[in-house]
Amino acid sequence: MTKLVVACVFIAVSLFGFVQGSDLIMGSIGSGDRLLYSQISTAPGIPGGLAYLAVNYTGDYSITALRAFDRSINRSGSVVLTGGGFLQRFVNLALQTRVVGDPVEYLVEIYGR
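Note that this is a predicted model, so its numbers are computed, not measured. (Residues numbered from 1 in each chain as written. Predicted model: local features only at pLDDT ≥ 70, side-chain atom pairs only at ≥ 80, totals over all residues. Heavy atoms only, no water.)

1. A closer look at the pairing of strand S5 (residues 63-70)
Then, number 1: Counting buried positions over the eight residues of S5 gives seven, a clear majority of the element.
Then, number 2: Here seven bridges tie S5 to strand S8 (residues 104-112), and the two strands are oriented antiparallel to one another. By the bridge assignment for S8, aspartate 70 is matched with tyrosine 106. (Buried < 20%, exposed > 50% of the residue type's maximum accessible area, 1.4 Å probe, protein only. Helix = DSSP H or I, 4+ residues; strand = E, 2+ residues; numbered from the N terminus. Pairing = 2+ DSSP bridges.)

Printed below as a string of structure tokens:
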């Protein structure tokens, strides 16, 4: 039973990915993987408010790696995986700035096979 719990915890931690600052890096790019989606997603700053942008991807291949890199000047973005993701065929990301009035600018890359 203990081995099962340890294995489940390890899998859960590895599936949540590695968050570094305002970037999201999940999974790994291996041989045979191909770039399924690559897009610079932007939303203008809102005076007195937080800019928000949703990125949705659906495809025919299983997702093996997700990359979302904050390209804003002061790296004030925040990215959250809201649906799908690793080993699925779809992904939903919520991109938002953490500073009032700043724009959102992310490079989103999705790999799969």
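2. Let's talk about the sheet that holds strand S7 (residues 90-97)
Then, number 1: Strand order across the open sheet formed by three strands is S4-S7-S6, with antiparallel pairing between neighbours. Edge positions in the sheet fall to strand S4 (52-58) and strand S6 (77-84), since each of these pairs with one other strand and no more. For this sheet, the mean inter-axis angle between neighbouring strands, taken without regard to orientation, is 20 degrees.
Then, number 2: Where S6 meets S7, seven bridges bridge the pair, whose relative direction is antiparallel. When the sheet's bridge partners are listed, valine 80 is paired in S7 with alanine 94. (Axes fitted to C-alpha atoms, helices over the stretch in contact; angles between N-to-C directions.)

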